[in-house]
Amino acid sequence: MRRPIGVNGFADEARLEGTVSPLGSGVVARLLWAGGLAALLWIAAAWAMGWLP
Amino acid sequence: MDPYAALLQPFIEFGFMRRALVACLALSLGCGPVGVLLVLRRMSLVGDALSHAVLPGAAIGFMIAGLSLVVMSLGGFIAGLAVAVLSGLVARATPQREDASFAAFYLISLALGVLIVSTRGSNVDLMHVLFGTILAVDDASLLLVVSIATLTLVVLAVIGRGLIVECFDPGFLRAVGGPGAALHFAFLMLVVMNLVAGFHALGTLMAVGLMMLPAAAARFWVSQVTTLAATSSTIAFGAGYAGLLLSYHANLPSGPAIILVAGGVYIVSVVAGPRGSLWARFLPRRHLEA
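Reading guide: rules and limits
- Residues numbered from 1 in each chain as written.
- Chains lettered and ligands numbered in written order.
- Predicted model: local features only at pLDDT ≥ 70, side-chain atom pairs only at ≥ 80, totals over all residues.
- Contact = placed C-beta atoms within 7 Å.
- Nonpolar A, V, L, I, M, F, W, Y, C, P; charged D, E, K, R; others polar.
- Core = buried A, V, L, I, M, F, W, Y, C linked by C-beta atoms within 7 Å.
- Buried ≥ 20, exposed ≤ 12 C-beta atoms within 10 Å, placed from the backbone.
- Helix = DSSP H or I, 4+ residues; strand = E, 2+ residues; numbered from the N terminus.
- Expected span 1.5 Å × (residues − 1).
- Arc of directions from axis to C-beta.
- pLDDT = per-residue confidence, 0-100.
- Axes fitted to C-alpha atoms, helices over the stretch in contact; angles between N-to-C directions.
- Parallel < 35°, antiparallel > 145°, perpendicular 65-115°, else oblique.
- Left-handed = near helix turned anticlockwise from the far one by under 90°.

Taken together, the contact between chain A and chain B spans 14 residues of the former and 19 residues of the latter. Each residue belonging to the side of chain A that touches chain B can be placed in one class, and the counts come to 12 nonpolar, one polar and one charged.

Once that is clear, we can look at the nonpolar core. Judged by nonpolar contacts, the single largest core of 98 residues is most densely connected at Ala-23, Ala-26, Leu-27, Leu-50, Val-145, Val-192 and Ala-262 of chain B. Considering every element that reaches this core, the biggest residue donor is helix H3 (residues 15-40) of chain B, with 16 residues.

Spanning 22 residues, helix H2 (residues 27-48) of chain A covers 31 Å between terminal C-alpha atoms, matching the ideal 32 Å at 1.5 Å per step. Listed as buried for H2 of chain A are Arg-30, Ala-34, Ala-38, Leu-41, Ala-45 and Ala-48 of chain A. Projected down its long axis, H2 of chain A shows its buried positions confined to an angular sector of 65°, all on one face. Across H2 of chain A from its buried face, at more than 90 degrees, point the exposed residues Val-28, Gly-36, Ala-39 and Leu-40 of chain A. Where H2 of chain A is buried, its residues contact H3 and helix H8 (139-168) of chain B.

This paragraph deals with the confidence of the model for chain A. In low-pLDDT segments, the atomic positions of the prediction should not be examined closely. Taken residue by residue, chain A gives an average pLDDT of 72. The fraction at 70 or more is 53%. Taken as a whole, residues 13-23 of chain A scores under 50 in pLDDT and shows eight contacts with residues more than four places along the chain or in a different chain.

Let us now look at the packing of H3 of chain B against helix H12 (residues 225-250) of chain B. All names here are of chain B. In the contact formed by H3 and H12, the axes pass within 8 Å of each other and the chain directions differ by 150°. Taken as axis vectors, H3 and H12 run roughly antiparallel relative to one another. The way H3 lies across H12 gives a crossing that is right-handed.

What follows is about unusual backbone geometry. Residues and elements named next belong to chain B. Located in the positive-phi region is Arg-42, a residue other than glycine, with phi close to 55°. As for its position among the elements, Arg-42 is in the loop between H3 and helix H4 (44-65). The exposure class assigned to Arg-42 is exposed, which follows from the 10 C-beta atoms found within 10 Å.

Rendered as structure tokens:
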């Protein structure tokens, strides 16, 4: 049986109810969000500086 | 006027408008969440004080190396951190509260910075340092602003949960052995870094504008911390985009135009936002019926 996540399995219940993002809410998920936003920002910066063809 | 010409053409046609727009995007992504945390921690005026505190360091950098991006940024970062640390030390070592010591140190910093720039530079240099020129953001400045935004996002992803816990229940954080002081210092570093980024675009006097106004406005629309940060960033970027367009079409200075648009959004939010606004408070609502 999978170990419950968080206090008394609260995070599991929250995920079942759809109140937690599909990526989860841990540091890895937050880093994925941050990395995604940063990647978009760098693409925009490359466009602004004329580095994109 | 053709919508394409009005809304997109300036950014397609002119490189300086593109760089200004992306600088606004980077500032929005960095300053939005940081501003929300400042508001939640009741440190809004500390952000303002730190934005002024950046000035003497930038001025000393200007004195040493002229309008050098790296030296002025480094000077501003060191000066901002020095004021934050000194204010904290005075507040802990004396009966004076932290807001008073912040006010004292930022006034000293502001006067010192203006003095240094005035004695060694021209009025044009002083205006550049005080009010910034977002339309003059070059590739190097843009890279700096984008790098600071990236670092901010990553650091917030790592320590964000601790910062939020410290906002709402610092006693709980201490009880579970959380590093409250280290988190506070890391947060102050993030604030100063983002103010240095904003300083290149909007000057020391208005750098805090894209940090505080969108965060304060977002409080009237949403309540959860993550949605607050997203809303704050969205408002900041919207204000940047609209302010740049306003500045382009009406021939207005761009920095004040951006901050005034953000101020307009704040006033609309105070009046008409769904959470705690004047509208929500005073509009008669129907009673619940069985």
